[in-house]
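Structure assessment
One-letter residues, chain by chain:
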Amino acid sequence: MKTRRSLISFAVALLSMGAIVGCGSSSSSSSSAGSSSSSTSSSASSSATSSSSSAGANSAVAALVPSAIKAKGTLTVAADASYAPNEFIGPDGHTVVGMDADLAKAIAATMGLKATISNVTFDAIIPGLAAGKYDLGASSFTDTKAREKVVNFVDYFSAGESFFTKASGGTSVSTLADLCGKSVAVESTTTEQTDAQTQSKKCKAAGKPAVNVIVFPNQNAANLALSSGRAQLGFVDSPIAAYQVKKSAGAFKLVGPTFAAAPYGLAIPKKSGLDKAVLAAVKALIKDGSYTKILTKWGVQAGAITTPKLNGATS
């Protein structure tokens, strides 16, 4: 699914709270939902502005918000803004926009709060949550049992993994097993990186050429590697692959079927007590139709779910 951004160096992360997952760069957020424009670079400096949603507060949800968060009046959200259409930098060059940004703002508004969305490298989000720097991670995280050891998740979406290539002169694959001998661009510490590197070992064990897994700090750089010819394939979550193909003006095409569907989760510090409020907020947004409107706006409604869960990872 959106793929799931994964923990390759999870053991190291637990010890050092260093890189757990990675992509994006520092920048800011907006006071209103951005339009579905093309993704810009996420290397702006870190300065987040408060944002709010047009949705009103839900008293039952607001009652579940921990007093410390309620007192400050804001929900501090981290997102890696290089993953369009889920989270990316808008046309003003600094505002974080996308499905996750809009959803985070709607969740905050339902709680009676404002949202402050910061553009943070993907591998810094979970450590930042564990350290109490952020209240919520809204960045296309695949909910996994490994990640649940560090943070709690409220599952809110379903996505798979997909390959895309150049429309002219590209390559063809149907499954991971077809990657042997091919070059693949992935974002650092994503599930795709893990899957491609695992497949490379299988290729070598079978006496076949290894996969040339080219790892980049953010998805923008991985996309550039494909367009420049450095890599034969892009490997990313299915909504992101579809978006890149759509916005490429015919330069890219999808290859092979979408596979490995899994839940996206909103990441929450374990000791913050915010998980119940986030779960209630997502349920409220699904019930009143706001959730569907947000997903439809960004063209990702195919990943909608009807029943959000707390820590619903299956693997």
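The structure contained in this document is the topic of the report that follows.

Conventions and cut-offs
Residues numbered from 1 in each chain as written. Predicted model: local features only at pLDDT ≥ 70, side-chain atom pairs only at ≥ 80, totals over all residues. Heavy atoms only, no water. Core = buried A, V, L, I, M, F, W, Y, C linked by side-chain atoms within 4.5 Å. Buried < 20%, exposed > 50% of the residue type's maximum accessible area, 1.4 Å probe, protein only. Contact = heavy atoms within 4.5 Å. Salt bridge = Lys/Arg side-chain N within 4 Å of Asp/Glu carboxyl O. Helix = DSSP H or I, 4+ residues; strand = E, 2+ residues; numbered from the N terminus. Arc of directions from axis to C-beta. Axes fitted to C-alpha atoms, helices over the stretch in contact; angles between N-to-C directions. Parallel < 35°, antiparallel > 145°, perpendicular 65-115°, else oblique. Nonpolar A, V, L, I, M, F, W, Y, C, P; charged D, E, K, R; others polar. Left-handed = near helix turned anticlockwise from the far one by under 90°. Disulfide = S-S within 2.5 Å.

Our focus in this paragraph is the nonpolar core. Leu-75, Ile-107, Met-111, Phe-157 and Val-278 are the most contacted members of the largest nonpolar core, which has 54 residues in total. Among residues more than four places away in sequence, those in contact with Val-278 are Met-111, Leu-136, Val-154, Leu-266 and Ile-268. Formed by 14 residues, the second largest nonpolar core is a distinct cluster that contains Phe-163, Val-184, Val-211 and Leu-233.

Turning to the pattern of salt bridges, a few remarks are in order. Counted by the stated rule, this structure contains three salt bridges. With a closest N to O distance of 3.7 Å, Lys-105 and Asp-102 form a salt bridge. Here the residue Lys-105 and the residue Asp-102 both occupy positions in helix α4 (residues 99-110), the gap between them amounting to three residues, near one helical turn. Relative accessible area serves as the criterion here: at 6%, Asp-102 is assigned to the buried category. Here Lys-297 ties to Asp-102 by a salt bridge, and the two come within 3.0 Å at their closest N and O atoms. With Lys-297 in helix α11 (residues 290-297) and Asp-102 in helix α4, this residue pair connects regions lying 195 residues apart in the sequence. Among the ionic contacts, a cluster of salt bridges with common partners joins Asp-102, Lys-105 and Lys-297.

Turning our eyes to something else, we now look at α11. Among the residues making up α11, those that are buried are Tyr-291, Ile-294 and Leu-295. Looking down the long axis of α11, one finds its buried residues gathered within 95° of arc, a one-sided arrangement. Looking at the buried residues of α11, the elements they touch are α4, β9 (151-166) and α10 (275-288). A positive backbone phi angle near 70° is found at Gly-299, which sits one or two residues after α11.

The subject of this paragraph is the packing of α4 against α10. Describing two packed helices takes the angle between their axes plus the distance from one axis to the other. α10 packs onto α4 with a crossing angle of 105° between their chain directions and a minimal axis gap of 9 Å. With respect to α10, the element α4 is oriented roughly perpendicular. Residues Leu-103, Ala-106, Ile-107 and Thr-110 of α4 touch α10, and the partners they reach there are Ala-281, Val-282, Ala-284 and Leu-285. Partitioned by chemical class, the residues of the contact of α4 with α10 number seven nonpolar, one polar and no charged.

Okay, the packing of α4 against α11 next. Interhelical geometry of α4 versus α11 gives an angle of 160° and a closest axis separation of 9 Å. With respect to their mutual orientation, α4 and α11 come out roughly antiparallel. Helix-helix and strand crossings are classified by hand; for α4 and α11 the assignment is right-handed. From α4, Met-99, Asp-102, Leu-103 and Ala-106 reach across to α11, where they touch Tyr-291, Ile-294, Leu-295 and Lys-297. Tallied by class, residues from the contact of α4 with α11 come to six nonpolar, no polar and two charged.

Time to look at the state of the cysteines. Applying the stated criterion across every chain, the model contains one disulfide. In this model Cys-180 forms its disulfide with Cys-203; the gap between the sulfur atoms is 2.0 Å. Between Cys-180 and Cys-203, the S-S torsion sits near -85°, and that sign places the bridge as left-handed. Pair noted here: Cys-180 is in the loop between β9 and β10 (183-187) and Cys-203 is in helix α7 (residues 191-205), with a separation of 23 residues, a long-range link. In this pair, the class of Cys-180 matches that of Cys-203, namely buried.

Right, let's talk about unusual backbone geometry for a bit. Look at the link from Ala-84 to Pro-85: it is a cis peptide, with omega at 5°. By the secondary structure assignment, Pro-85 is in the loop between β4 (82-83) and β5 (87-89). Unusually for a residue other than glycine, Thr-189 sits at a positive phi of about 60°. Looking at the secondary structure, you find Thr-189 in the loop between β10 and α7. Under the relative-accessibility criterion, Thr-189 is labelled buried at 8%.

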